[in-house]
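This is what each chain is made of:
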Amino acid sequence: MSHAESDSRPGSGVGATSSAADSRPHPPPPDSGKKPGPLRRLYEWVLHWADTPHGAVALFVLAFAESSFFPIPPDVLLIPLALGARARWWRFALICTLGSVSGGVAGYVIGLSLME
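These lines cover the structure that appears in this document, whether it is placed above or below. (Residues numbered from 1 in each chain as written. Predicted model: local features only at pLDDT ≥ 70, side-chain atom pairs only at ≥ 80, totals over all residues. Heavy atoms only, no water.)

Reported here for the largest pocket is a volume of approximately 350 Å³. Along the walls of the largest pocket sit 16 residues, with Ala 50, Asp 51, Pro 80, Leu 81 and Gly 84 positioned nearest its centre. With 4 residues, helix H4 (residues 75–84) is the largest single contributor of residues to the lining of the largest pocket. Of the residues belonging to the lining of the largest pocket, the class tally is 9 nonpolar, 3 polar and 4 charged. (1 Å grid on protein atoms, 1.4 Å probe; cavity = no way out; pocket = protein on both sides within 12 Å on 5 of 7 lines; lining within 4 Å. Points joined across faces, edges and corners; volume = space filled by probe spheres on them. Helix = DSSP H or I, 4+ residues; strand = E, 2+ residues; numbered from the N terminus. Nonpolar A, V, L, I, M, F, W, Y, C, P; charged D, E, K, R; others polar.)

Turning next to the nonpolar core. In this structure, Leu 59, Leu 77, Leu 78, Leu 81, Phe 92 and Cys 96 are the most contacted members of the largest nonpolar core, which totals 13 residues. Counting residues per element, this core draws most heavily on helix H3 (residues 55–68), which supplies 5 residues. (Core = buried A, V, L, I, M, F, W, Y, C linked by side-chain atoms within 4.5 Å. Buried < 20%, exposed > 50% of the residue type's maximum accessible area, 1.4 Å probe, protein only.)

Here we come to the environment of Leu 94. Relative to the helices and strands, Leu 94 resides in helix H5 (residues 89–115). Under the relative-accessibility criterion, Leu 94 is labelled partly exposed at 46%. Between the C-alpha atom of Leu 94 and that of Phe 60, which follows or precedes it by 34 residues, the distance is 9.4 Å.

Turning to H4, its buried residues are Leu 77, Leu 78, Leu 81 and Ala 82. Axial view of H4: buried residues confined to an arc of 125°, hence all on one face. In H4, the exposed residues that point more than 90 degrees away from the buried face are Ile 79, Leu 83 and Gly 84. In this structure, the buried side of H4 is in contact with helix H2 (38–50), H3 and H5. (Arc of directions from axis to C-beta. Contact = heavy atoms within 4.5 Å.)

Let's shift gears to a nonpolar patch on the surface. A cluster of nonpolar side chains, Val 57, Phe 60, Val 61, Leu 94 and Leu 98, forms an exposed patch at the surface whose accessible area comes to about 440 Å². When residues of the nonpolar patch are traced back to their parent elements, those giving at least two are H3 and H5. Sorting elements by how many residues they give to the nonpolar patch places H3 first, with 3 residues. One can find Leu 98 in helix H5. We classify Leu 98 as partly exposed; its relative accessible area is 46%. (Patch = residues over 30% accessible without salt bridge, like charges linked within 9 Å, V, L, I, M, F, W, Y side chains within 5 Å. Areas by Shrake-Rupley, 256 points an atom, 1.4 Å probe, with all protein chains shown as cover. Salt bridge = Lys/Arg side-chain N within 4 Å of Asp/Glu carboxyl O.)

Glancing now at the packing of aromatic side chains. Taken as a whole and assessed by the stated rule, the structure comprises 1 aromatic pair. With a centroid separation of 6.4 Å and 65° between ring planes, the pair formed by Trp 45 and Trp 49 is classed as edge-to-face. Placement of both Trp 45 and Trp 49 in helix H2 is noted, with a separation of 4 residues, approximately one turn of the helix. For Trp 49, a relative accessible area of 24% corresponds to the partly exposed category. (Phe/Tyr/Trp six-rings, centres within 6.5 Å; stacked < 30°, edge-to-face > 60°.)

As structure tokens, then:
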């Protein structure tokens, strides 16, 4: 009896993937001469920060910048962080909220100072 026949778990047979990382689309090989587009670069940037221990700091900075001047919402980083560490989703949501509120206050102060 083969290993695939003896293992009765769903998805454990031939063709099953071992992790979610295997199903991610891969960038073009470096020797192809094709430069990745802006969405691909943003995607790779998000995945990079989601895989580092500094992802929470990057989330705060992104939320702060977005509420002041940066047009990309922090959800693009919040979602991968929360999915990667589901037990800490509330921590990431709190960090994102604090960064957004802090950026909003900073934007208000800048606008108030320029008005006078």
